[in-house]
Amino acid sequence: MTAIEQTQAARPRGTRLPRRARREQLLGAAQEIFVAQGYHAAAMDDIAERAGVSKPVLYQHFPGKLELYLALLDQHCESLLHSVRTALASTTDNKKRVEATMDAYFAYVEDEGGAFRLVFESDLTNEPAVRERVDKVALQCAEAISEVIAEDTGLSTEQSMLLAVGLGGVSQVVARYWLASGSGVPRDTAVQLLTSLAWRGIAGFPLHGAEGHGEHAPDDRH
């Protein structure tokens, strides 16, 4: 059950929940409010009302609005990183790896809870603690991608990171555009188009350890 589903299931006041379940419920309510209103317009009163609890109950779990926002941001940054790592580990076929990674970003953006807005479109990036988390997850995703690139191509860490940052950046920007524009292109088709674009570039680097080292790997290389 997601945090938002926890919220919807537990909104009536007076229901006692285990502490962990209550925390998840409050995070779900906060996500709905922050995504809809942004950080600055959101109020703890709104979040407590959405969760169906009193403000004292909310403050028992989170001492302030920023702490609540950061807890939610931590949760969804970890979710994105997990999705990217899972995609990279899902196959040893490199073209399919690119496709799975692209799709991880599209799936993250398409999630009905809108959590991607907290990570990619936060109105609080001038807050150092928020900026640190957003930058950290972008770096961690890029590092996960660059490790695969470096292993397969023999490129240096610096070169692999440049490519990885490019792949991750293109994925999230295009995925956000695809969602915001209401594109009639189905998600799987959009992912395949973007994969084709990215693969034409990344496939140009020879596989590390391949005979001759100078020959480019074919498009179906593993």
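From a predicted model like this one, the values you see are computed outputs, not experimental measurements.

Cut-offs and rules
- Residues numbered from 1 in each chain as written.
- Predicted model: local features only at pLDDT ≥ 70, side-chain atom pairs only at ≥ 80, totals over all residues.
- Heavy atoms only, no water.
- Helix = DSSP H or I, 4+ residues; strand = E, 2+ residues; numbered from the N terminus.
- Buried < 20%, exposed > 50% of the residue type's maximum accessible area, 1.4 Å probe, protein only.
- Contact = heavy atoms within 4.5 Å.
- Areas by Shrake-Rupley, 256 points an atom, 1.4 Å probe, with all protein chains shown as cover.
- Phe/Tyr/Trp six-rings, centres within 6.5 Å; stacked < 30°, edge-to-face > 60°.
- Lys NZ or Arg CZ within 6 Å of the ring centre and 35° of its normal.
- Core = buried A, V, L, I, M, F, W, Y, C linked by side-chain atoms within 4.5 Å.
- Domains from an automatic or database assignment.
- Salt bridge = Lys/Arg side-chain N within 4 Å of Asp/Glu carboxyl O.
- Axes fitted to C-alpha atoms, helices over the stretch in contact; angles between N-to-C directions.
- Left-handed = near helix turned anticlockwise from the far one by under 90°.
- Nonpolar A, V, L, I, M, F, W, Y, C, P; charged D, E, K, R; others polar.
- Expected span 1.5 Å × (residues − 1).
- Polar contact = N/O pair within 3.5 Å; in protein donor to acceptor, adjacent residues only side chain to side chain.

## Digging into the overall build of the chain
A tally of helices and strands in the chain yields 10 helices and zero strands. Listing each helix as α and each strand as β along the chain from the N terminus yields α-α-α-α-α-α-α-α-α-α. When the 222 residues of the chain are sorted by exposure, 43% land in the buried category. Of the contacts formed within the chain by residues at least 6 apart in sequence, a portion of 62% connects residues at least 24 apart. Accessible surface, the chain as shown: approximately 11800 Å² in total, 52% of it carbon and sulfur.

## Structural notes on the packing of aromatic side chains
Under the definition given, this model contains five aromatic pairs. Their ring planes at 80° and their centres at 5.0 Å tell us that F34 and Y69 sit as a pair that is edge-to-face. Linking F34 in helix α2 (residues 19-41) with Y69 in helix α5 (residues 65-89), this pair joins segments that are 35 residues apart in sequence. Under the relative-accessibility criterion, Y69 is labelled buried at 2%. Taking the ring centre of Y39 as reference, the NZ or CZ of K65 above it sits at 4.3 Å.

## Some remarks on the nonpolar core
In globular proteins that are soluble, nonpolar side chains generally tend to be buried together. In terms of nonpolar packing, the biggest core is built from 58 residues, with F34, I47 and L68 touching the most fellow members. Of all the elements in the fold, those that place two or more residues in this core are α2, α3 (44-51), α5, α6 (94-110), α7 (116-120), α8 (128-153), α9 (157-180) and α10 (187-202). Looking at this core, the element that brings in the most residues is α5, giving 11 residues. Each of domain 1 (19-63) and domain 2 (65-202) gives at least three residues to this core.

## A few points about the pattern of salt bridges
For the structure shown, the criterion picks out nine salt bridges. A salt bridge links D152 to R97; its shortest N-O distance comes to 3.3 Å. Residue D152 is located in helix α8, and its partner R97 is located in helix α6; the two are separated by 55 residues in the primary sequence. On the basis of relative accessible area, R97 is assigned to the buried category, the value being 16%. The salt bridge involving E110 is made with R187; its shortest N-O contact spans 2.8 Å. Of the two residues, E110 sits in helix α6 while R187 sits in helix α10, which places them 77 residues apart along the sequence. Owing to a relative accessible area of 35%, E110 belongs among the partly exposed residues under this scheme. Here R187 falls in the partly exposed class, since its relative accessible area comes to 26%. Sharing partners across several salt bridges, the network here consists of D103, E110 and R187.

## Comments concerning the packing of α2 against α3
One can describe the packing of α2 onto α3 by two numbers: an axis separation of 9 Å at closest approach and a directional angle of 145°. The chirality of how α2 crosses α3 is right-handed. Side by side, α2 and α3 meet where Q25, L26, A29, A30, E32, I33, F34, Q37 and A41 of the first sit next to D46, I47, R50 and A51 of the second. In terms of residue class, the contact of α2 with α3 is built from eight nonpolar, two polar and three charged.

## With respect to α6
In this model α6 runs 24 Å from its N-terminal to its C-terminal C-alpha over 17 residues, within 8% of the 24 Å that 1.5 Å per residue would give. Buried within α6 are the following residues: N94, R97, V98, T101, M102, A104, Y105, F106, Y108 and V109. In this structure, the buried side of α6 is in contact with α5, α7, α8, α9 and α10. For α6, the capping residue at the N-terminal end is D93, with a side-chain oxygen 3.1 Å from the backbone nitrogen of K95.

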